[in-house]
Amino acid sequence: MEVRTITEGQKSSLCKLKELCAMHPNDPVFRTQLANLFLDTGHEIRAVLEVRKAYRLLLQENPADAEALVEQYGEDVKSTPTQPFIGENYSPLRKSFGRMKIKMRTVRLRQNATLFRKGDVADNIYLILDGEIAVSDDNHGNLSLLNHLHPGSLLGEGALFEASVRNATVVAIENTTLLRMSPKELKQAFLKHPSLNMQFSKESLLRRRVSDLTMTSIFSCLPTDLRFMLAKRAWNTSHPAGHTIKYAHKYMSSVQLILQGEVHLYEDDSYCGSIQKGGILGLHKIVDGKASRLRYAAKSECNVICMDFMVIDDLMGVSSQFKTRIRDAAVGFSAQVSRTMSLQEK
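Bear in mind that the values here come from a model prediction, so they are computed numbers and not experimental data.

Caption draft 1: Spotlight on unusual backbone geometry. Phi at Asn112 takes a positive value of approximately 75°, unusual for a residue other than glycine. With respect to the helices, strands and loops of the structure, Asn112 is situated in the loop between strand E1 (106-109) and strand E2 (114-116). Positive phi values are uncommon outside glycine, yet His249 reaches one of about 60°.

Here it is, written out as structure tokens:
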């Protein structure tokens with residue numbers, strides 16, 4: 001992890017620019033200056049959130065300058081809570097089907113109609129021709145929004161995997177028309193559009209990462225667009241059984257969410273607990289800035305999502321609920337370890 005030290009001059013400039021933005025909320029110049037300074041000090045998420053405000057201010061009066069911000073900061077500038085991810089337009093795949101096939105495979109949904117539910121057998125993939133779709137995680141009837149999809153988007157990629165079931169519930173936000181295709185038909189269509197195939201693979205991984213984050217209570221409180229921004233900046237890795245993930249009195253290199261496997265905790269050679277699926281490693285550094293005295297070792301093979309500490313710090317700065325959950329989880333973890341060690345000493 002790259003550690004950046006903020007100078008006193010940069011701190012002063014940040015304070016001044018924040019005050020100027022508060023005094024002139026509709027001035028895109030101050031917003032952009034604040035975003036650039038956030039970026040220079042390693043706060044990428046905060047930079048994007050500020051430049052997003054400047055982008056919307058410029059969009060009507062100076063579209064060229066607005067697009068220049070997109071060139072500099074990326075597509076996240078355009079995202080909103082109702083359109084958190086600007087994906088590839090897969091409409092060209094439609095050309096792979098004749099007029100008769102399109103007519104036979106067209107699916108029409110009325111507003112609020114359900115296309116499929118979490119747990120259903122995944123059999124087909126869908127291309128949205130018009131309308132809008134909400135994709136949500138369904139936890140016993142409690143829906144947590146994962147994404148809004150618009151015309152040109154593909155959904156239902158789980159059908160590409162054998163014996164797969166749907167990992168989300170999909171509902172039409174408005175009257176929507178979709179093109180249904182089998183996994184075989186999609187693969188054949190991608191043969192004519194290899195660049196779209198590569199992009200689809202990247203998007204599928206991103207969506208799965210967002211889904212994994214959403215199913216963890218700490219991250220589920222984040223607005224959907226922030227979850228996508230986090231997922232884009234995260235990466236997946238694995239630790240083999242027996243591997244030491246963190247040595248005693250050393251820092252974690254990143255925050256890590258366990259997707260699969262189990263991690264054992266040791267003080268010296270004494271076992272003092274474990275962290276399993278859904279647990280998070282590295283919270284100790286976030287809360288008190290100190291290196292934990294514990295050693296973390298993978299009991300079994302562990303698949304994890306890794307996140308940079310600076311990104312987590314940015315999210316804590318813009319979401320008080322997320323900050324509270326992070327701190328509560330860290331305090332709970334420390335209390336559990338202390339209690340375990342205390343009982344072992346008796």
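Having put the structure on the table, let's press on.
Caption draft 2: Molecular detail of the pairing of strand E13 (residues 270-275). As paired elements, strand E12 (residues 263-267) and E13 share 4 bridges and run antiparallel to each other. Looking at the pairing, Tyr266 lines up with Tyr271 of E13. Two successive antiparallel strands, E12 and E13, enclose a turn made up of 2 residues, where Asp268 displays a positive phi of approximately 55°.

Caption draft 3: Local environment of the layout of surface pockets. Quantified by volume, the largest pocket comes out at close to 450 Å³. Lining the largest pocket are 23 residues, and of these Glu157, Gly158, Asn167, Ala168 and Arg207 lie nearest its centre. If you list the elements that add at least two residues to the lining of the largest pocket, you get strand E5 (142-149) and helix H7 (194-214). Counting residues per element, the lining of the largest pocket draws most heavily on H7, at 6 residues. For the lining of the largest pocket, a count of residues per class yields 12 nonpolar, 7 polar and 4 charged.

Caption draft 4: Spotlight on the nonpolar core. Counting 82 residues, the largest nonpolar core has Leu155, Phe219, Met307, Ile312 and Phe322 as the members making the most contacts within it. What Phe322 contacts, discounting residues up to four positions off in sequence, is Ile218, Phe219, Cys221, Leu222, Ile312, Leu315 and Met316. Judged by nonpolar contacts, the second largest core, of 16 residues, contains Leu154, Ala189, Leu196 and Phe200.

Caption draft 5: Molecular detail of the packing of helix H3 (residues 44-61) against helix H9 (residues 224-233). At a minimum axis distance of 11 Å, the contact between H3 and H9 shows a crossing angle of 135°. Between H3 and H9, the interaxial angle falls into the category oblique. Between H3 and H9 lies a crossing of right-handed hand. Within the contact between the two elements, H3 uses Glu44, Ile45, Val48, Leu49 and Arg52 and H9 uses Asp225, Leu226, Met229 and Arg233. Looking at the contact of H3 with H9 residue by residue, the classes come out as 5 nonpolar, no polar and 4 charged.

Caption draft 6: Seen up close, the environment of Val121. Summarising the element assignment, Val121 is placed in the loop between E2 and strand E3 (125-130). According to the relative accessible area criterion, Val121 is exposed, its value standing at 62%. Along the primary structure Val121 and Ser217 are separated by 96 residues, whereas in three dimensions their C-alpha atoms are 26 Å apart. Contact partners of Val121, with chain neighbours within four places excluded, come to Ser164, Val165 and Arg166.

What counts as what
Residues numbered from 1 in each chain as written. Predicted model: local features only at pLDDT ≥ 70, side-chain atom pairs only at ≥ 80, totals over all residues. Heavy atoms only, no water. Helix = DSSP H or I, 4+ residues; strand = E, 2+ residues; numbered from the N terminus. Pairing = 2+ DSSP bridges. 1 Å grid on protein atoms, 1.4 Å probe; cavity = no way out; pocket = protein on both sides within 12 Å on 5 of 7 lines; lining within 4 Å. Points joined across faces, edges and corners; volume = space filled by probe spheres on them. Nonpolar A, V, L, I, M, F, W, Y, C, P; charged D, E, K, R; others polar. Core = buried A, V, L, I, M, F, W, Y, C linked by side-chain atoms within 4.5 Å. Buried < 20%, exposed > 50% of the residue type's maximum accessible area, 1.4 Å probe, protein only. Contact = heavy atoms within 4.5 Å. Axes fitted to C-alpha atoms, helices over the stretch in contact; angles between N-to-C directions. Parallel < 35°, antiparallel > 145°, perpendicular 65-115°, else oblique. Left-handed = near helix turned anticlockwise from the far one by under 90°.

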